[in-house]
Amino acid sequence: GGVFGMQSYLGMRRSYEPPAPSTAARAGVGLLFQTSGDGKIVVKEVVKGGSAARSGQIKSGDVIMRVGSTNVQGQTLVHLRELILGEPGTYVTLGFTRGGIASQFFEVSLLRGSPEFLDQHGGEIVKQSPTQSHGG
């Protein structure tokens, strides 16, 4: 028996098992980050098909400042990832700055989920704040 037998058994079962409870499944918004020399955390890559890419609002090189109400300046990438990851189908608000000295701050609320999840969801990728929507 041993470990190998266990793995293949799990692998066989996985195909028809119901999805894991939502606590186990965690998704991000399709952003890869890296730390810059001065302690800032910058967007390294916007993953194709992810929530961030679909929003069209985030570019590589943007500096992440906040996740929700939490200031992430000087935090580790691991900590940042923990903040961003969450239940697929929920929104996370990310605050960024772009553009050097006269940088502008902006926030984007993105839907967590894999590209496949987002395809199936078909809903709003970017959560519009009520002030921005115009009826009619």
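Since we're looking at a predicted model, the values are computed, not measured. (Residues numbered from 1 in each chain as written. Predicted model: local features only at pLDDT ≥ 70, side-chain atom pairs only at ≥ 80, totals over all residues. Heavy atoms only, no water.)

*Asks:* Can you walk me through the nonpolar core in this structure?
*Replies:* A general tendency of soluble globular proteins is for nonpolar side chains to be buried together. With 22 residues, the main nonpolar core has Leu31, Phe33, Ile64, Leu94 and Phe96 as its most contacted residues. When residues of this core are traced back to their parent elements, those giving at least two are β1 (31-35), β2 (41-46), β3 (63-67), α3 (77-84), β5 (91-98) and β6 (104-111). Top element by residues in this core is β6. It accounts for four residues. Apart from the residues lying within four places of it in its own chain, the contact partners of leucine 94 are Val29, Leu31, Ile64, Arg66, Val67, Ile84, Phe106, Glu107, Val108 and Leu110. (Core = buried A, V, L, I, M, F, W, Y, C linked by side-chain atoms within 4.5 Å. Buried < 20%, exposed > 50% of the residue type's maximum accessible area, 1.4 Å probe, protein only. Helix = DSSP H or I, 4+ residues; strand = E, 2+ residues; numbered from the N terminus. Contact = heavy atoms within 4.5 Å.)

*Asks:* For this particular structure, what's the right way to read the environment of valine 72?
*Replies:* Positionally, valine 72 belongs in the loop between β4 (70-71) and α3. Overall, valine 72 belongs to the buried group, its relative accessible area being 0%. Between the C-alpha atom of valine 72 and that of leucine 83, which follows or precedes it by eleven residues, the distance is 9.2 Å. Apart from residues lying up to four places away in sequence, valine 72 is in contact with Ile41, Ile64, Met65, Arg66, Val67, Leu80 and Leu83.

*Asks:* Just checking my understanding: could you explain the pattern of salt bridges for this structure?
*Replies:* Side-chain pairs of opposite charge can arise whenever the charged atoms involved come near each other. Overall, the coordinates contain five salt bridges when judged by the stated rule. In this structure, lysine 40 engages aspartate 38 in a salt bridge whose closest nitrogen and oxygen atoms are separated by 3.1 Å. Judged by its relative accessible area of 55%, aspartate 38 falls in the exposed class. (Salt bridge = Lys/Arg side-chain N within 4 Å of Asp/Glu carboxyl O.)

*Asks:* When you look at the side chain of aspartate 62 in this model, what are you seeing that I'm missing?
*Replies:* By secondary structure assignment, the location of aspartate 62 is in the loop between α2 (51-55) and β3. Residue aspartate 62 is classed as buried on the basis of its relative accessible area of 2%. A distance of 2.7 Å separates a polar atom in the side chain of aspartate 62 from a polar atom in the side chain of arginine 98. Apart from residues no more than four positions distant in its own chain, aspartate 62 is found in contact with Ile41, Val42, Val43, Gln57, Phe96, Thr97, Arg98 and Phe106. (Polar contact = N/O pair within 3.5 Å; in protein donor to acceptor, adjacent residues only side chain to side chain.)

*Asks:* Help me out: how do you make sense of the environment of glycine 68 in this one?
*Replies:* Note on placement: glycine 68 falls in the loop between β3 and β4. Glycine 68 sits 26 residues away from leucine 94 along the chain, and the two C-alpha atoms are 6.1 Å apart. With near-sequence residues (within four places) excluded, glycine 68 lies in contact with Thr93 and Glu107.

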